[in-house]
Amino acid sequence: MELRARHRPPIAGPKRIRPPLSELVASIFVVACLLAGSPNAASSAQPEVLHASYSALVPSGAPFWIGEELGLFEKEGLLVKLVYINASPLVIAAVLAGDIQVSLAGVSAIVSAYARGSDVVAIAGAVNKINVSIYALPEIKKPEDLRGKRIGITRFGGLYDFSANYALKKWGLQPGKDVALIQIGDAPSLMSALAGNSIQAATLQPPSTIRAAQSGYRELMDLSKSGFEYQNTVVLSTRSIIRKSPDTFRRFIRAYSTALGIFHQQREPTLKVMAKHLKGIDKFVLEESYEAYKEWVPEISYLNHAGMETAIALTPGVEKGKELKVSDIVDESFIKELDQQGFYRTLYKK
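Since we're looking at a predicted model, the values are computed, not measured.

*Asks:* What is the right way to look at the layout of surface pockets in this model?
*Replies:* It is the rolling of a water-molecule-sized probe over the atoms that shows where space remains empty. Estimated volume of the largest pocket: approximately 600 Å³. What lines the largest pocket is a set of 37 residues, among which S55, A56, L57, V58 and Y84 lie closest to the centre. Elements with a contribution of two residues or more to the lining of the largest pocket: α5 (88-97), β3 (102-106), α7 (159-171), α8 (187-195) and α9 (208-214). Taken together, the residues of the lining of the largest pocket sort by class into 20 nonpolar, 13 polar and four charged.

Printed below as a string of structure tokens:
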């Protein structure tokens, strides 16, 4: 439990938001209809505790936050305790230690962990495209101008590190030789480092990309428009944890899927939840970030298998010649079960 104490989210505790009924009535009606007919909806007065984490303060965390704030996990008999751990390698360590049972994190950490012999597995796709951009100071007019300069990333081994390496390779620049990669810590710190000229470029995601554009920084590459297939973020656990209580994960994925339905169909309640967790963000940036993530977060959380294959091929630390298949690190059985039951047709009225 020590790890959770060191990495608590810089936000208020898990208090429920009580938005006006007029804004939530449609959402609650849909949720109630779905859960009322569910044979697995828990009726126990004592909910099952599940420790969950998210690894970035970006809108992809909204379904987790919605599930907590609107009581969707509770309706499934789960008391989900959310914690913010801002690096995927730390997430994997927490999951393998048993401190966390389910997490929203980058996919490269799963590949690396599996290659080292763990049974970490992705059970849902959260962001199915690589949605990182490279922004630079205004005087950096083209990628070649980065030679001899510094690019900021959050953590080595994470998505931002991978994105920077991918962009530099496309530009014919060698990391560590032509351009230095500097580990900064988190997105707000990246923005501060850019403002202070400690770095001359940074890997960013919304809402930071929107703030960067407002500040006059120059976008050198938008990886989401590069045609590059990459599974960005997943919901993960381990096969051994799932085997102990598969119904727990069945209920979790049902609540998570219901939260996805609200994310895609109920704009105002979603923005209220996001505003609470993404503190200090102005309305325009919040709304633009939400609209951007709606394009990247799937309504039905199947994974991008082509993107998973890319992650396997490009993740550092995977031994050359070692066979690692998408099926080794993916279990979509809970999603498929809900799909076969007609859950998503009801959720999206399709």
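*Asks:* Sorry, what's going on with the pattern of salt bridges here?
*Replies:* Pairs can form between side chains of opposite charge once their charged atoms are near each other. Enumeration over the complete set of coordinates arrives at 13 salt bridges. Across the pair E76 and R254 runs a salt bridge whose closest N-O atoms are separated by 2.7 Å. Note that E76 is positioned in the loop between α4 (72-75) and β2 (78-84) and R254 in helix α11 (residues 246-265), a separation of 178 residues in sequence. A relative accessible area of 0% places E76 in the buried class. The closest approach of N and O atoms between E144 and R147, which form a salt bridge, is 2.7 Å. Judged by relative accessible area, E144 falls into the partly exposed class, the value being 39%. Here the salt bridges do not stand alone but share partners, grouping E48, D247, R250, R251 and E337 into one network.

*Asks:* For this particular structure, what's the right way to read the packing of helix α3 (residues 62-69) against helix α12 (residues 267-277)?
*Replies:* How two helices pack is summed up by the angle between their axes together with the distance between the axes. For the pair α3 and α12, the least separation of the axes is 10 Å and the interaxial angle reads 100°. By the angle between their axes, α3 is roughly perpendicular relative to α12. Contacts between α3 and α12 involve A62, W65, I66, E68 and E69 on the former and, on the latter, T270, V273, M274, K276 and H277. When the residues that make up the contact of α3 with α12 are grouped by side-chain class, the tally is five nonpolar, two polar and three charged.

*Asks:* Just checking my understanding: could you explain the packing of α3 against α11 for this structure?
*Replies:* Two elements in contact, α3 and α11, have axes separated by 8 Å at closest approach and are oriented at 105°. Considered as vectors, α3 and α11 are oriented roughly perpendicular to each other. Residue-level inspection shows A62, P63, F64, I66 and G67 of α3 in contact with α11, the latter providing F252, Y256, A259, L260, I262 and F263. Classifying every residue of the contact of α3 with α11 by side-chain character gives 10 nonpolar, one polar and no charged.

The rules behind these values
Residues numbered from 1 in each chain as written. Predicted model: local features only at pLDDT ≥ 70, side-chain atom pairs only at ≥ 80, totals over all residues. Heavy atoms only, no water. 1 Å grid on protein atoms, 1.4 Å probe; cavity = no way out; pocket = protein on both sides within 12 Å on 5 of 7 lines; lining within 4 Å. Points joined across faces, edges and corners; volume = space filled by probe spheres on them. Helix = DSSP H or I, 4+ residues; strand = E, 2+ residues; numbered from the N terminus. Nonpolar A, V, L, I, M, F, W, Y, C, P; charged D, E, K, R; others polar. Salt bridge = Lys/Arg side-chain N within 4 Å of Asp/Glu carboxyl O. Buried < 20%, exposed > 50% of the residue type's maximum accessible area, 1.4 Å probe, protein only. Axes fitted to C-alpha atoms, helices over the stretch in contact; angles between N-to-C directions. Parallel < 35°, antiparallel > 145°, perpendicular 65-115°, else oblique. Contact = heavy atoms within 4.5 Å.

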